[in-house]
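# Structural features, examined
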Amino acid sequence: MTEVDRNHQQHWVLRHIFQCNFHAPVHKQLENGIQVLDSGCGPATWTLEMGDAYPNSKFIGIDVSALFPENIKPPNVEFITGNIAKNIPFDDNTFDYIHQRLVILGLTEKDWQNNLKELYRILKPGGYLELAEPVMDMTDTGPLTKEYETACK
């Protein structure tokens, strides 16, 4: 199984477990039409499903790797390549809803600080930021995990 396949499968498993694609109270806004960012979109399974489900809204997926499709996508979906840990290339107050999921191991502590600062900068006042990350207990780990944890600080 490739990394892209694993990411698609992971999305479908989470959607099945939670019986939804999001938890923020934005269903009505999505139906009416809002600006949405999928931060760290990977191969864009979530972005594509949401774009198909909510054709009045505009969805933009951003990821450091261009794993997303360019030709087969709903007309209200677009993708850009960018590093969410550095600078997210949008103006202040651009998005009504920002979705970010499962990037916990891809960002260092400093990256997280900058990422959150950037997400709040591009989020419209009154908008929703949905972060879906697992809680990781790193108290009883082996030497390689300790080395990884130290390197991420």
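Summary of the structure given here. (Residues numbered from 1 in each chain as written. Predicted model: local features only at pLDDT ≥ 70, side-chain atom pairs only at ≥ 80, totals over all residues. Heavy atoms only, no water.)

As a further point, take helix 4 (residues 109–122). Over its 14 residues, helix 4 runs 20 Å from end to end, which matches the ideal 20 Å to within 8%, given 1.5 Å per residue. Every buried residue belonging to helix 4 is among Asp111, Trp112, Asn114, Asn115, Glu118, Leu119 and Ile122, and all of these are buried. Check the buried side of helix 4 and you find it contacts strand 1 (35–39), strand 4 (95–101) and strand 5 (123–132). (Helix = DSSP H or I, 4+ residues; strand = E, 2+ residues; numbered from the N terminus. Expected span 1.5 Å × (residues − 1). Buried < 20%, exposed > 50% of the residue type's maximum accessible area, 1.4 Å probe, protein only. Contact = heavy atoms within 4.5 Å.)

Right, let's get into the sheet that holds strand 2 (residues 58–63). Think of a sheet as strands paired side by side through backbone hydrogen bonds, with each pair either parallel or antiparallel. One open sheet accounts for five strands, arranged 3-2-1-4-5; its pairing is parallel. Each having just a single partner strand, strand 3 (77–81) and strand 5 make up the two edges of the open sheet. Across the sheet, the mean angle separating the axes of adjacent strands is 20° when strand polarity is ignored. The sheet contact formed by strand 1 and strand 4 spans four bridges and is parallel. For Leu37, the partnering residue across the bridge sits in strand 4 and is Ile98. Most of the contacts of helix 4 go to strand 5, to which it runs at about 140°, and overall it touches strand 1, strand 4 and strand 5. (Pairing = 2+ DSSP bridges. Axes fitted to C-alpha atoms, helices over the stretch in contact; angles between N-to-C directions.)

Counting 16 residues, the largest nonpolar core has Phe22, Leu30, Val36, Met50, Phe59 and Tyr97 as its most contacted members. If you list the elements that add at least two residues to this core, you get helix 3 (45–53) and strand 3. (Core = buried A, V, L, I, M, F, W, Y, C linked by side-chain atoms within 4.5 Å.)

The subject of this paragraph is the environment of Thr94. Tracing the sequence through the fold places Thr94 in the loop between strand 3 and strand 4. Along the chain, Thr94 and Val36 lie 58 residues apart, while their C-alpha atoms are 8.8 Å from each other. Residue contacts for Thr94: discarding those within four places in its chain leaves Gln35, Ile122 and Lys124. Only 2.5 Å separates the side chain of Thr94 from the backbone oxygen of Asp91, close enough to count as a polar contact. (Polar contact = N/O pair within 3.5 Å; in protein donor to acceptor, adjacent residues only side chain to side chain.)

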